[in-house]
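Listed below are the residues making up each chain.
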Amino acid sequence: MPTLRALECFVAVVDAGSVTAGAAQLHLSQPALSHHLASLESEIGSPLLERLPRGVRLTPIGRAVLVDARIALAAAERVLRTGHAAAQGDAGRLRLGCAESMTVPILAPTLRTWTRKHPDIGLDLTEYTSADAMATAITDGDLDIAVGPAPSRGSAAMTEIGTEEILVVIPEGLDLADEDAVSWPNLAGRPIVHYHPSNGLRGWFDTVAATHGVQFDAVTHTRHATTAAQLAHAGLGVALVPATAVPARFAGIVKSMTPPLTRSVVVMVGAESDALTQRFVADLVSRGIGTRRS
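First, a word on what this report is: a plain description of the structure on this page. (Residues numbered from 1 in each chain as written. Predicted model: local features only at pLDDT ≥ 70, side-chain atom pairs only at ≥ 80, totals over all residues. Heavy atoms only, no water.)

### Regarding the packing of aromatic side chains
Put simply, the rule reads: Note on ring pairs: Phe, Tyr and Trp rings are taken, using the six-membered ring of Trp, and paired if centres are within 6.5 Å. Classes follow the plane angle, with under 30 degrees stacked, over 60 edge-to-face and the rest tilted. Each helix is a run of DSSP H or I of at least 4 residues and each strand a run of E of at least 2, with the numbering of both proceeding from the N terminus. Buried residues are those whose accessible area, probed at 1.4 Å on protein chains only, stays under 20% of the maximum for their type, while exposed residues exceed 50% and partly exposed ones sit between those limits.
Per the counting criterion, the structure on display carries four aromatic pairs. Judged by centre distance (6.2 Å) and plane angle (35 degrees), the rings of W184 and F216 are tilted. Placement of W184 in helix α7 (residues 184-187) and of F216 in the loop between α8 (200-211) and β9 (217-222) is noted, with a sequence separation of 32 residues between them. Since its relative accessible area comes to 15%, F216 is described here as buried. Among the aromatic residues, those joined into a cluster by ring pairs are Y195, W204 and F205.

### Re the nonpolar core
How we decide: Side-chain atoms within 4.5 Å are what join buried Ala, Val, Leu, Ile, Met, Phe, Trp, Tyr and Cys residues into a set we call a nonpolar core. Throughout, a residue-residue contact means that at least one pair of heavy atoms, one from each residue, lies within 4.5 Å.
W184, L187, F205, F216, L240, V241 and M257 are the most contacted members of the largest nonpolar core, which has 32 residues in total. At the level of elements, β6 (157-170), α7, β8 (191-195), α8, α9 (225-233) and β10 (239-242) are the ones that each hand at least two residues to this core. Ranked by residue count, the leading element in this core is β6, at five residues. When residues no more than four places from it in sequence are discounted, the contact partners of M257 are E165, I166, V168, A181, V182, S183, W184, L187 and L240. Grouped together as the second largest cluster of nonpolar side chains are 31 residues, L94, C98, V147 and I289 included.

### With respect to unusual backbone geometry
A cis amide bond links T258 with the next residue in sequence, P259, at an omega value of -5 degrees. Within the secondary structure layout, P259 lies in the loop between β11 (253-257) and β12 (262-269). For H27, which is not a glycine, the phi torsion comes out positive at approximately 60 degrees. On the secondary structure map, H27 appears in the loop between α2 (19-26) and α3 (30-44).

### Let's talk about the side chain of E164
In plain terms, the rule: N or O atoms closer than or at 3.5 Å make up a polar contact, with two conditions inside protein: a donor-capable atom paired with an acceptor-capable one, and, for residues adjacent in sequence, both atoms drawn from side chains.
Residue position: E164 is located in strand β6. By relative accessible area, E164 is classed as buried at 1%. Reaching out from E164, the side chain makes a polar contact with the side chain of T244 at a distance of 2.4 Å.

### Concerning helix α5 (residues 103-117)
What counts, and what does not: By this rule, a helix spans an expected 1.5 Å times one less than how many residues it contains. For a residue, the bend is simply the angle between two axes, fitted respectively to the seven-residue segment ending there and the seven-residue segment starting there.
Compared with the 21 Å implied by 1.5 Å per residue over 15 residues, the 20 Å span of α5 between its first and last C-alpha is a close match. At P109, α5 is bent by approximately 30 degrees, the largest bend along its length. Buried within α5 are the following residues: T103, I106, L107, P109, T110, L111 and W114. Those residues of α5 that are buried lie in contact with β3 (92-99), β4 (121-128), β5 (145-149), β6, β12 and α10 (275-287).

### Topic: the pattern of salt bridges
Rule in force here: Every case where a carboxyl oxygen of Asp or Glu lies within 4 Å of a side-chain nitrogen of Lys or Arg is listed as a salt bridge.
All chains considered together, the criterion is met by ten salt bridges. For R51, the salt bridge goes to E41, with nearest N and O atoms at 3.2 Å. One end of the pair, R51, is in strand β1 (residues 49-52); the other, E41, is in helix α3, with ten residues separating them in the sequence. Classification of R51 by relative accessible area gives partly exposed; the value is 44%.

Here you go:
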C-alpha cells in the first residue's frame, strides 16, 4: 500500500516540474524525496516519471495514477479537517439514547438548540424503556450519550441532571381523587395499570410496593409510561407514572405519593474525553430537567 508521503512527493514533483523544486516545496532533501518516489514506483511496478535534463515528464502510467493520487491526498486532508472539527465540537455525529418519557420534555430542548447552532453535527436518537438497556448500549459502544433514570448496573460514567417525581394518575370517580396525596396502603387491592417486564419501572415499582406490604392487582400492562397515564385517565385503573410522562395539559387527576417517590435523572456517557460528547452533556446539565414537577 503506497504511503501518503510517497503520493505527496509524486504530486509535488509533478506540480513543481522537477525533483529539486518538489523537494524544496515539501521541505525535504532530494535524496529523501527520491527514496519515496522510488518506493512508489517499485510498488506500482513501473516508472511514473521520466527524468529529463531539465525537469521531469509523466510517463503513461504516471498520467494514469496522478488523478487518483490527488484524490487520495484530498481525502486525507478531509480526514484531518473533519477530525479537527470534531475534536473542537464543531462537526461529527452523536448517537443518543433516551428514556421514552423524557425525550420531549428533557432532551428535545437541547436537540432543538443543537440543530440550530450546529447544523453540521448529525444526531441519531433511539428511545428506550429500560435504563439498564441504555447503560449496556453505552458500555458496548452503541451509544455516545444516554439520558434517563440511573441504571441498576453498568459501568457508564453518570452525571445527575435533576430529580423526577413519580405521580399517581387516578380515574375519575375513584375515592382516591379526594385525597391530597396517595400512600402505598391506598393502592392495595386497587386495579392497577402496570408495566410490561421490558420496562424498568415494573421491577422498581414492585420492589418498592413490596417494602410497604403492597402487591399490585394489575388489570392491564403497557410498555410505555405515557400510555399508562392515558389508560388510567380512561378509567382502566390507577397508574404510577413519572412526571415527564404526564403531558403539560393533561386532563386527568394527578396526585403525589406520600411519602414522595422520586428518581434521579442522569446523563450517561462512554467516551468522556470526546469534546463533542462533553459539549452536549454540558448543555444538558446546564438546562437540567426544566420546570416539571420534581
